[in-house]
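Below, each chain spelled out in residue letters.
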Amino acid sequence: MNTFLFAISLFSTVILNLKVYPIHALIHPLAPPPGKLILVRHGQSIWNANKTFTGWEDPDLSQQGTREAIHAGRLLLSKGYLIDVVYTSRLKRSIRSAWEIMTELSSVHLPVYKSWRLNERHYGAFQGQSKVDMAIKLGADEVQKFRGGLFERPPPITETHESNDRKHADLTERQMPRTESLYDCMGRTKPLWEDRIKEDLRKGRNVLVVAHGNSLRGLVKMIDSIPDDAIKDVAIPTGIPIVYKFNKRMQPVEDENEEGNQKLNMTGVFEGIVAHKIRGQFMEKPGLLREALKREQLWQQKVPGFDDANNNNPPLTLSGERSQQQQLTQMEQSLFKLQDEKSLMEEPSSSSPPSPSPIEQAREAAVSGNILSPLFPSSPSPSPQNDTSPISPSNPNYYSGTKRLENYQDKCAKNVVTFSNSVKVPIRKDSVVVIIRHGKTSHNQLGLFTGWEDAPLAEEGRDEAREAGKLLKLHGFEFDVVYTSWLSRAIETAWLALDELDSLWLPIIKTWRLNERMYGRLTGLDKKMVAQRHGQDQFMKWRRGFRDRPPRVSSFSPLYPGNDERYSKDGGLKDVRYSFSESMIRTWESGRLKLHRKLPKTESLSDCMKRTIPFLVDRVIPDSINKGQRVLISSSENAIRGLLMHLCDIPEDRISDLEIPNGLPLIYDVNSRCIKLLDDGTGRDLTEVYNFGSAVEFLFRPCIGEDGEEEEECNLAIDWPEIRIPIPESNYANGNDSLSNLSEEEKNELTIL
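What counts and what doesn't
- Residues numbered from 1 in each chain as written.
- Predicted model: local features only at pLDDT ≥ 70, side-chain atom pairs only at ≥ 80, totals over all residues.
- Heavy atoms only, no water.
- Helix = DSSP H or I, 4+ residues; strand = E, 2+ residues; numbered from the N terminus.
- Buried < 20%, exposed > 50% of the residue type's maximum accessible area, 1.4 Å probe, protein only.
- Contact = heavy atoms within 4.5 Å.
- Areas by Shrake-Rupley, 256 points an atom, 1.4 Å probe, with all protein chains shown as cover.
- Pairing = 2+ DSSP bridges.
- Salt bridge = Lys/Arg side-chain N within 4 Å of Asp/Glu carboxyl O.
- Axes fitted to C-alpha atoms, helices over the stretch in contact; angles between N-to-C directions.
- Parallel < 35°, antiparallel > 145°, perpendicular 65-115°, else oblique.
- Left-handed = near helix turned anticlockwise from the far one by under 90°.
- Nonpolar A, V, L, I, M, F, W, Y, C, P; charged D, E, K, R; others polar.
- Phe/Tyr/Trp six-rings, centres within 6.5 Å; stacked < 30°, edge-to-face > 60°.
- Lys NZ or Arg CZ within 6 Å of the ring centre and 35° of its normal.
- Polar contact = N/O pair within 3.5 Å; in protein donor to acceptor, adjacent residues only side chain to side chain.
- Disulfide = S-S within 2.5 Å.

*Asks:* So what exactly am I meant to see when it comes to the overall build of the protein here?
*Replies:* Regarding its fold elements, the protein presents 30 helices and 14 strands. Going through the 753 residues of the protein one by one, you find that 53% of them count as buried. Contacts spanning at least 24 positions in sequence make up 79% of the contacts within the protein whose residues lie at least 6 apart. Of the roughly 35400 Å² of accessible surface on the protein, 51% is carried by carbon and sulfur atoms.

*Asks:* Explain the pairing of strand β9 (residues 432-437) to me, please; I cannot follow it from the model alone.
*Replies:* When a strand is regular, its side chains alternate between the sheet's two faces. The buried count for β9 comes to 6 of 6 residues, which makes it a mostly enclosed element. Where β9 meets strand β12 (residues 630-635), 6 bridges bridge the pair, whose relative direction is parallel. If you follow Val432 over to β12, its bridge partner there is Arg630. Bridge count between β9 and strand β13 (residues 666-669): 4 bridges; the pairing is antiparallel. Directly across from Val432, in β13, lies its bridge partner Asp669.

*Asks:* Just to check I follow, could you spell out helix α27 (residues 637-647) for this structure?
*Replies:* A turn of α-helix holds 3.6 residues, and therefore any two residues three or four places apart point the same way. With 10 of 11 residues buried, α27 lies mostly within the body of the structure. Residue Asp649 follows α27 closely and has a positive phi angle near 55°.

*Asks:* I tried to follow the pattern of salt bridges on my own but got confused; where do I start?
*Replies:* A side chain of one charge can pair with a side chain of the opposite charge when the charged atoms of the two come close. If you walk through the whole model with that rule in mind, you get 41 salt bridges. Between Arg166 and Asp480 there is a salt bridge whose closest N-O contact spans 3.2 Å. Pair noted here: Arg166 is in the loop between α7 (140-148) and α8 (182-188) and Asp480 is in the loop between α20 (459-474) and β10 (481-484), with a separation of 314 residues, a long-range link. For Arg166, a relative accessible area of 24% puts it in the partly exposed group. Note on Asp480: relative accessible area 22%, which makes it partly exposed. Between Arg586 and Glu582 there is a salt bridge, with its nearest N and O atoms 2.6 Å apart. Here Arg586 pairs with Glu582, and both are found in helix α25 (residues 580-590), just 4 residues apart, close to one helical turn. Using a relative accessible area of 11% as the deciding quantity, one classes Arg586 as buried.

*Asks:* Honestly, unusual backbone geometry in this entry has me stumped. Any pointers?
*Replies:* With glycine set apart, most residues show a phi of negative sign, and most peptide bonds adopt trans. With a phi close to 50°, Ser106 is a non-glycine residue in the positive phi region. When its relative accessible area of 61% is taken as the criterion, Ser106 is described as exposed. Positive phi outside glycine occurs at Ser225, with the angle close to 50°. With respect to the helices and strands, Ser225 occurs in the loop between α10 (213-224) and α11 (228-231).

*Asks:* Help me understand the packing of helix α26 (residues 605-623) against α27, please; the structure alone is not making it clear to me.
*Replies:* A pair of packed helices can be characterised by two numbers: the angle between their axes and the separation between those axes. Across the interface, α26 lies against α27 with an axial gap of 8 Å and an inter-helix angle of 60°. One finds that α26 runs oblique with respect to α27. For α26 against α27, the interelement crossing comes out right-handed. Each of Leu605, Cys608, Met609, Thr612, Ile613, Leu616, Val617 and Ile621 in α26 lies in contact with α27, whose residues at this interface are Asn638, Ala639, Arg641, Gly642, Leu643, Met645, His646 and Leu647. Across the contact of α26 with α27, the residue classes break down as 11 nonpolar, 4 polar and 1 charged.

*Asks:* It is not clear to me how the packing of aromatic side chains should be interpreted in this structure. Could you clarify?
*Replies:* By convention here, two paired aromatic rings are described through the distance between centres and the angle between planes. On inspection of all chains with the given rule, the structure shows 17 aromatic pairs. Seen from their ring centres, Trp99 and Trp495 are 4.4 Å apart, and the 5° between their planes marks the pair as stacked. Here Trp99, found in helix α5 (residues 92-104), pairs with Trp495, found in helix α21 (residues 488-500); they are 396 residues apart in sequence, far enough to count as distant. Trp495 sits in the buried class, given a relative accessible area of 6%. Grouping aromatic residues by their ring pairs yields a cluster made of Phe53, Tyr123, Phe126 and Phe146. Over the ring of Tyr113 we find Arg196, and its NZ or CZ is 4.4 Å from the ring centre.

*Asks:* When you look at helix α6 (residues 131-138) in this model, what are you seeing that I'm missing?
*Replies:* Put simply, Ser130 is the residue that caps the front of α6, since its side-chain oxygen is 3.3 Å from the backbone nitrogen of Val132. At the exit of α6 stands Gly139, carrying a positive phi of roughly 100°.

*Asks:* Sorry if this is basic, but what is going on with the environment of Gln281 here?
*Replies:* With respect to the secondary-structure elements, Gln281 resides in strand β7 (residues 281-282). Since its relative accessible area comes to 7%, Gln281 is described here as buried. Each C-alpha atom of the pair Gln281 and Glu254 lies 7.9 Å from the other, and the pair is 27 residues apart in sequence.

*Asks:* What is the right way to read the state of the cysteines from this model?
*Replies:* Two cysteines form a disulfide when their sulfur atoms are joined by a covalent bond. Counted by the stated rule, this structure contains 0 disulfides. Unpaired in this structure, Cys648 has its nearest cysteine sulfur neighbour in Cys674, at a distance of 8.4 Å.

*Asks:* What is the right way to read the packing of helix α22 (residues 527-534) against helix α23 (residues 536-544) from this model?
*Replies:* Running from amino to carboxyl end, α22 crosses α23 at an angle of 130°, the nearest separation of the two axes being 6 Å. Between α22 and α23, the angle falls in the class oblique. Contacts from Lys527, Val530, Ala531 and His534 of α22 reach α23 at Gln536, Gln538, Phe539, Trp542 and Arg543.

Listed below in structure tokens is the structure:
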């Protein structure tokens, strides 16, 4: 009945707007035209560069390959393509290429399906062998027969080490190849095309597939019905998007609206090589980027100062990562400039070369198995920073309330899991939940309200995310599934941690329910400015009150999530009811029926938890935790507060007093039901290094054993000896083993973990 009244009201709205639509168009709206299919072969890998048979082996992208992937993203951006869903293989070079493309399109929130069916052809015993050496050993004609023939299989491998690889552990023995012909490889892509990709296209979704030369040839063969004897002559270049358009019968058609159609369609490119018509459209002539990169390399060698001139604003660092050239708001620019001006007024720091990082020493010690002497043999743990200032940009982990309770410290000491001194770290198999608050953003550094605004990670935040991954790896953590929000800062934190764990193939489930609290009209404003304008009491109510909501944004505000493409599309918000008022507004404005979901215009801490806790209870616990999976959750502070409120039974009147440090893994042991920290090898009390707020006693309460009694020790399945890292003698002042003589960089590194 409600649905009927809702439809009638919307129909009346359209009538009042003087645009009459037949009732059947409202009840049964016309199906959208099929979406576009975009195929991209991954960028050059390290093994591509040195001419090595790769197959199912998992080398990373080369520097050139990273640039090819980024260039592909920019080509799609320049033509205005919007992607709805992404498919990749389970191999790193494919997944990383997709990440770079999505980053350029500001679309890292999109769902990414990683399928073994898109893996490269398995080259059997040839994998890992030099193509040149194999040609010398077997003869060029014999090797080319295996490479180019449609049905020829290379010699099989005797043992499939992929069967012991976690990324392919779900494959049956029949599905796990020991070698493949080109025909075998193309054949295994068919079920994915028929059951998933084609269905997405039929529903009007634009699909991006980032895969490998031979698996993409399989898709091209099926789409264009290319004969067996012709497909072997079709080559897929790295990093150049190929676009397919379909009619309503899902038949490929040429897009006459594309510029340069005759020059860039695949039929024209392969003219004289492949007789069959191919309707895919290259977005750029193959080879142009590679020639440009060769010219750039030549200029670097011959033109003095070329590197210096171009590195003033480089698009990439030498490692292929993005430099810090993010678009900042005017407020962020002004505040950063103010920080720079203040830094010029301070005394210059010592110019002496930095000492080795204690974290790096810890890492080396863990690998070598050395047990070292205590970090601070005779001095107490350093005192925490003064937290009395209500708002301090230099102290982003500010908490309200009284001093920390004194009786929790003995309990917390048991909640630190120490390093292993084994050369090979044992892998943890028990079910566990690891929660990480995203690394710092520019908003965090400047003390701005962030909320649902998609502030990217600052370089410090990226370092925090990487260090979290390294620490988890040192302690032997592996994961089975990852949950994160739709905000890029949380997604990138999870991505960087997984990269350190060599687990980019893991499924990443992205949900708006793990988004940060929506701060309404406070979003993007300086916290000190808000306190000055509205008073400290009102500021604290908005920031710390459990049920106090900040001022709402309007339906037309750019801060309203309903005006963001990510949330206005219906695909990812099926668990949110429709809004009558918002649907009427948008139907009236557009002159056609537009159903709009009910999205928050402001949220209290309580509102935020009403969406995060149900997701934990209804999705994460039954789908993952109860099945014994090892879960990684990357999210924002207030969403994490909701998770911990449920997991640790924190009262609602104390939850706002809990602080969540950026980039620090919080280990929730499912068996003992308590939070633990991972020892970073420095020998200090981590509960003193990090600020957890005045509700810390609820976070680090004693662990409960299987008998329901408090455990004397809090270990995560394995009892590991401690490692302690000494500070080099150069860092001591007259034998005083304190932190006072460490450089700022070393202090920052010490507080990362």
